Amino acid sequence: MVDWGLGNYERIAEQLLPAAKAVVETAGPVSGETLVDVGCGSGNAALLAAERDAAVTVIGVDPSHRLLEVASAAAEERDLDAEFVLGEAASLPISGGEADVVVSVFGVIFAEDPAAAAAEIARVIKSSGRVVLAAWIPGGAISEAVRFTRDTMSEITRQPPPSPPFPWHERESVASLFEPHGFTTTMTQHSLAFSAPSVDEFMRIEGENHPIAIAARPALESAGRADEVREAMRRIYLEGNEDPEAFRLTSSYAIAELTR
């Protein structure tokens, strides 16, 4: 499990704001409703929901103490009414039937037990509630770079590569989790661009701030393979660069909308 409190994930999360906006717009919370943001991180979606309508009760849930503090500070700074509490997708500190809307922007996709997470979301949401989840679609330069790093880490630790993650980006797979709880699933595809003045600046920002990069660094450096991985990632990024004057990569993601 990655400790998402490492580094400065809030800096990375800034790049994900367009996806959070798309999720909140799809969810469409209205006055008097309660919205729960699962795996809220530094609060992107929760804060957008609170900003959209002050009469929406917003609760963000995340396992990282530090990111909850960041989210709470942002809410206070922006004079927004949102509560941020410690918890995980498979064990939400929310009463049964309390939520009208549950959202998750690249959060629930890291749940160790997807079926348990789905059951917990179904427990906390009202019978008339709706769920909106964002999940990355594999493919593209960023996905390839992450996979290369993961495979290298497996070689260093002499452990088999981890099993493929649950395909939250596939409608049939998500439906298999939620249909037993009475949900109907629809899914749409979207894209998100990551840009920087140069590939090296992009890699610097990721390397200094992203929890996954920070967690991997000690093992890579100890094994003498940090430079190898950096150069491989740089090559992958350059091959995928869409802006010859600077740097831009586009990743695809899916938004699943579940209703009863």
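Placed above this text is the structure.
Residues numbered from 1 in each chain as written. Predicted model: local features only at pLDDT ≥ 70, side-chain atom pairs only at ≥ 80, totals over all residues. Heavy atoms only, no water.

Take the overall build of the protein chain next. Assigned secondary structure in the protein chain consists of 10 helices and 7 strands. The C-alpha radius of gyration computed for the protein chain amounts to 19 Å, which stays within 12% of the reference 18 Å derived for 260 residues, consistent with globular compactness. For the protein chain, the spread of C-alpha atoms along the principal axes amounts to about 55 × 40 × 35 Å. Residues counted as buried form 48% of the 260 residues belonging to the protein chain. (Helix = DSSP H or I, 4+ residues; strand = E, 2+ residues; numbered from the N terminus. Rg over C-alpha atoms; globule rule 2.2 N^0.38 Å. Buried < 20%, exposed > 50% of the residue type's maximum accessible area, 1.4 Å probe, protein only.)

Bringing the pattern of salt bridges into the picture now. By the definition in use, this model includes 14 salt bridges. Across the salt bridge formed by Asp200 and Arg230, the nearest N and O atoms sit 3.4 Å from each other. Note that Asp200 is positioned in helix H8 (residues 199–209) and Arg230 in helix H10 (residues 226–240), a separation of 30 residues in sequence. Exposure remark for Asp200: the relative accessible area of 31% places this residue in the partly exposed category. Taking relative accessible area as the criterion, Arg230 reaches 33% and is therefore assigned partly exposed. Residues Asp200 and Arg234 are paired through a salt bridge, measuring 2.8 Å at the closest nitrogen-oxygen approach. Here the residue Asp200 occupies a position in helix H8, and Arg234 occupies one in helix H10, the gap between them amounting to 34 residues. Judged by relative accessible area, which is 25%, Arg234 ranks as partly exposed. (Salt bridge = Lys/Arg side-chain N within 4 Å of Asp/Glu carboxyl O.)

For the rest of this paragraph, the subject is helix H3 (residues 44–52). A large share of H3 lies buried, amounting to 7 of its 9 residues. The set of residues buried in H3 consists of Asn44, Ala45, Ala46, Leu47, Leu48, Ala49 and Ala50.

This part covers the environment of Val229. Among the secondary structure elements, Val229 is positioned in helix H10. Note: C-alpha distance between Val229 and Ala145 (84 residues apart in sequence) is 8.9 Å. Among residues more than four places away in sequence, those in contact with Val229 are Phe148, Thr149, Thr152 and Leu220. (Contact = heavy atoms within 4.5 Å.)

Structurally, Ala20 is set in helix H2 (residues 17–27). According to the relative accessible area criterion, Ala20 is buried, its value standing at 0%. Placed 23 residues apart in sequence, Ala20 and Gly43 show a C-alpha to C-alpha distance of 9.5 Å. Not counting chain neighbours up to four residues away, the residues in contact with Ala20 comprise Asn44, Ala45, Leu48 and Val105.

As a further point, take the packing of aromatic side chains. Evaluated as defined, the whole model comprises 11 aromatic pairs. Pairing Phe106 with Trp136 gives two aromatic rings, centres 3.9 Å apart and planes at 5°, and the pair type is stacked. Placement of the pair is Phe106 in the loop between strand E4 (99–105) and helix H5 (114–124) and Trp136 in strand E5 (residues 125–136), with a sequence separation of 30 residues. When its relative accessible area of 5% is taken as the criterion, Phe106 is described as buried. Between the aromatic rings of Tyr237 and Phe247, the centroid separation amounts to 6.3 Å while the plane-to-plane angle is 70°, which identifies the pairing as edge-to-face. Of this pair, Tyr237 sits in helix H10 while Phe247 sits in strand E7 (residues 247–259), placing them 10 residues apart in sequence. For the residue pair Tyr237 and Phe247, the accessibility class agrees, reading buried in each case. Feature note: the residues Phe106, Trp136, Phe194 and Tyr253 constitute an aromatic cluster, connected by ring pairs. (Phe/Tyr/Trp six-rings, centres within 6.5 Å; stacked < 30°, edge-to-face > 60°.)

The tendency in soluble globular proteins is for nonpolar side chains to be buried side by side. Ranked by size, the top nonpolar core spans 85 residues in total, and within it Phe84, Val102, Trp168, Phe178 and Tyr237 carry the most contacts. Phe84 has contacts with Cys40, Gly43, Ala46, Leu47, Gly60, Leu68, Ala71, Ser72 and Ala75, leaving out every residue within four places of it along the chain. (Core = buried A, V, L, I, M, F, W, Y, C linked by side-chain atoms within 4.5 Å.)

One open sheet accounts for 7 strands, arranged E3-E2-E1-E4-E5-E7-E6; its pairing is mixed. The open sheet has two edge strands with one neighbour each: strand E3 (83–86) and strand E6 (184–196). Across the sheet, the axes of successive neighbouring strands diverge by a mean angle of 20°, strand direction being ignored. Of the pairings in the sheet, the one linking strand E1 (residues 34–38) to E4 comprises 3 bridges and is parallel in character. Residue pairing for E4: Leu35 is matched across the bridge by Val101. Along the sheet face, helix H4 (residues 65–77) touches strand E2 (57–62) and E3 and points at about 175° away from the line of E3. (Pairing = 2+ DSSP bridges. Axes fitted to C-alpha atoms, helices over the stretch in contact; angles between N-to-C directions.)

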